[in-house]
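Residue-level listing of the chains:
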Amino acid sequence: MDNFTLTHEEDSLFRDETRVTAGSAARSREGPRPCGTSTCEHAEEALSSFLQHKAFAPQKRKPYFMAEDKPPGPILKPLVFRVDDSTPKMVQSVLLERGWDKFDEGEQNVEDWNLYWRTSSFRMTEHVNIKPWQHLNHHPGTTELTRKDHLAKHLKHMKKMYGTPLYEFIPLTFIMPKDYNKFVAEYFREKHVLGAKHSYWICKPAELSRGRGIIIFSDIKDLIFDDTYVVQKYICNPLLVGRYKCDLRIYVCVTGFKPLTIYIYQEGLVRFATEKFDLSNLQNNYAHLTNSSINKSGLSYEKIKEVIGHGCKWTLSRFFSYLRSWDVDDLLLWRKINHMVILTVLAIAPSVPFAANCFELFGFDILIDDNLKPWLLEVNFSPALSVDCSADVSVKRKLIHDTIELIYSQGLRNERMECRDGAKGSRSVSLAKLDMGRLNKACSALSCESLLQLTGRTFKDESAVKKAIKICPENKHASQPREMTSRKKDLLLSTKEPPKTKPKLKGRHSTHKTLIPFMSLIQSCVGKTSISPCLPSDNSKVPDLQAGNFVLIFPFNEATFGASRNGLNVRRIIQELQKLMNKQHPHMAEKEAKRR
Ligand code: ADP
């Protein structure tokens, strides 16, 4: 049986669920807006033939109810998703697989849908008119992060407000044409310092994605721009794997800005250049750019390449496993990435307008240098969800499943709280239950032990992890065995075949044998706070710690939980983060103290 078909058992369990229809009050529908952001990767994505594969074809769902097994209670109807031409086919296929129905304009009322997922952002009126049973996959105001020039502007502001060391993770950036004179001054200053040595810069259009229009240059004479561009310090000492440059695609879901709630996905993609890194030829995009849209058309894409093998992508877990095999402290690296994500989202969070029932899935592009320092290159709006290779298959499909699970598990818990508080469960939450119900039954409880075994490693403090998992009943349901199994397999595979070439590293961290990246923050959360996700003392809605492979990274303790309610106290949050960072990377704190 393929992975995507319900077993007889699952199906009958599924059919036992109570179903409530989406809202039916009519309202006028507005058409989609153009994407309007440079880093909206999906906009022109051609769907590969992969999607034609049987596994991706929507499975025919069985009818939920036969006349004889219809339980007493409300009339049962499946959840309804709404799409437009830009919606990734993978999203539709996952939703169908989860038992959702596709919205049909001709047959359904204009408001009879629960989730609208599209590539472009929504109009403010669409946000304002959202119904309690509906969700949108974009939050207003997030292009402030996803346009390269806006991101640079916000991070520069944060640097000014909260200090350079904290916000040192974005390469020095100038926005053209506005900062042209500043850039020229910096270019010549550096040239003077370096003498005969070259300095390297990269020039990127602010509003394009997928590597389009990028130039890398050493001589200012080669700088050309005709619109809004960013000119950025080119990281010329990237971590190389088998002499190939790579960067990480990290998925982050912000389920709300007010209060700020950030989840990181503990699986992701590593994207490789397909020709060997070579600073003597800056024109070779196959050696300097890691976009798969570029590399998949190169001659070396199909070639079996040193260490990285065929194609141009790995899963993040394979990459971490590779680093571990060379004694790299990947827990430390993962923590730095987590902090970088929080600091980045904080840069725009106070200025984002409030909007209910929406979320944003971001794709963070992060480059690691040979000192194991992560650099933020950009944040993508609507990160690509097309499928080109096996790494895409194993990561993206689960990512969508887990995103739906994250949104709906939160809804389910809110419903419980509303019920406890005496409110009538809203329709939206009743609907949330339906989607969860399938997973809860089909997956059964994932024991703490199996989660621990997943890594094949031991923990410094297993009891804290156990507590984290026990503390909230939802966690039992949050992971899908199918996904976990494949992750486990992935890890096993990568440990079975140790890579033969050491990564080219200057800085080497000490071995950290107790690594499991995603657990680190749960541990710190449970260890340092009295937040109980199930029993909030003040009736506030405390977010789940985990849903599928998503892990809560903000708020991360009681202080940040408090500082993100009733307005966002950014200074307080930064103080807490700084404390955490000093504890987690003490050598950096020492360096900073010396610098002062
Ligand atoms: P796009 O939106 O076009 O994908 P990115 O900023 O992600 O633009 O850049 C594309 C690729 O160029 C990255 O994946 C990375 O390989 C490379 N790159 C971008 N900025 C830098 C930089 N500052 N230093 C080194 N490489 C970079």
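Everything quoted here is computed from the prediction, not taken from an experiment.

Caption draft 1: Broad picture of the packing of aromatic side chains. For the coordinates displayed, the defined rule picks out 20 aromatic pairs. Summarising the aromatic geometry, the rings of Tyr 167 and Phe 169 are spaced 5.5 Å apart at their centres and angled 40 degrees between planes, so their arrangement reads as tilted. According to the relative accessible area criterion, Tyr 167 is buried, its value standing at 0%. Residue classification places Phe 169 among the buried positions, given a relative accessible area of 6%. With 6.4 Å between their ring centres and 50 degrees between their planes, Phe 225 and Tyr 229 make a pair best called tilted. Put simply, the rings of Phe 174, Phe 183, Tyr 187, Phe 188, Trp 201 and Phe 217 pair up and form one aromatic cluster. Across from the ring centre of Trp 201, 4.2 Å away, lies the NZ or CZ of Lys 233, which sits over that ring. The positively charged end of Lys 373 is found above the aromatic ring belonging to Trp 375, 4.5 Å away from the centroid.

Caption draft 2: Highlighting the site of the ligand. Around the ligand, the structure places 24 residues, and the nearest of them are Gly 211, Asp 247, Thr 290, Asn 291 and Glu 378. In this structure, an oxygen atom belonging to the ligand sits 2.8 Å away from a side-chain N or O atom of Lys 148. Contacts to the ligand include Lys 204, whose side-chain N or O atom sits 2.7 Å from an oxygen atom. Across the complex, the protein chains shield 100% of the 540 Å² of accessible surface that the ligand would expose by itself. Taken together, the elements giving at least two residues each to the shell around the ligand come down to β6 (201-205), β8 (229-233), β10 (244-257), β14 (360-368) and β15 (374-381). Grouping the constituent residues of the shell around the ligand by class yields nine nonpolar, six polar and nine charged.

Caption draft 3: Focus on the sheet that holds β6. Strand order in the open sheet formed by four strands is β5-β8-β6-β7, with antiparallel pairing between adjacent strands. Taken across any chain shown, the strands that pair with only one partner, and hence form the sheet edges, are β5 (173-176) and β7 (215-217). Each adjacent strand pair in this sheet contributes to an overall mean axis angle of 20 degrees, direction not counted. Here β6 pairs with β7 via three bridges, running antiparallel. Within the sheet, the bridge partner assigned to Cys 203 lies in β7 and is Ile 215. Strands β5, β6 and β8 of the sheet are contacted by helix α5 (residues 148-162), whose axis makes an angle of about 130 degrees with β5. Packed on one face of the sheet, helix α6 (residues 180-194) meets β5, β6, β7 and β8 and runs near 140 degrees to β5.

Caption draft 4: Region of interest: the confidence of the model for the protein. On average, the protein scores 75 in pLDDT, and the residues at 70 or more come to 63%. Across residues 43-69, confidence stays below pLDDT 50; counting only partners more than four residues off in sequence or on other chains, it has 50 contacts. In this model residues 507-539 is a low-confidence stretch, pLDDT under 50, and it forms 97 contacts with partners more than four residues away in sequence or in other chains.

Caption draft 5: View of the packing of α5 against helix α19 (residues 570-584). The N-to-C vectors of α5 and α19 enclose an angle of 75 degrees; their axes lie 12 Å apart at closest approach. If you check the angle between α5 and α19, you find them roughly perpendicular. Of the residues in α19, those in contact with Met 158, Met 161 and Tyr 162 of α5 are Val 570, Arg 571 and Ile 574.

Each value, and the rule that gives it
Residues numbered from 1 in each chain as written. Predicted model: local features only at pLDDT ≥ 70, side-chain atom pairs only at ≥ 80, totals over all residues. Heavy atoms only, no water. Phe/Tyr/Trp six-rings, centres within 6.5 Å; stacked < 30°, edge-to-face > 60°. Buried < 20%, exposed > 50% of the residue type's maximum accessible area, 1.4 Å probe, protein only. Lys NZ or Arg CZ within 6 Å of the ring centre and 35° of its normal. Near = heavy atom within 4 Å. Polar contact = N/O pair within 3.5 Å; in protein donor to acceptor, adjacent residues only side chain to side chain. Areas by Shrake-Rupley, 256 points an atom, 1.4 Å probe, with all protein chains shown as cover. Helix = DSSP H or I, 4+ residues; strand = E, 2+ residues; numbered from the N terminus. Nonpolar A, V, L, I, M, F, W, Y, C, P; charged D, E, K, R; others polar. Pairing = 2+ DSSP bridges. Axes fitted to C-alpha atoms, helices over the stretch in contact; angles between N-to-C directions. Contact = heavy atoms within 4.5 Å. pLDDT = per-residue confidence, 0-100. Parallel < 35°, antiparallel > 145°, perpendicular 65-115°, else oblique.

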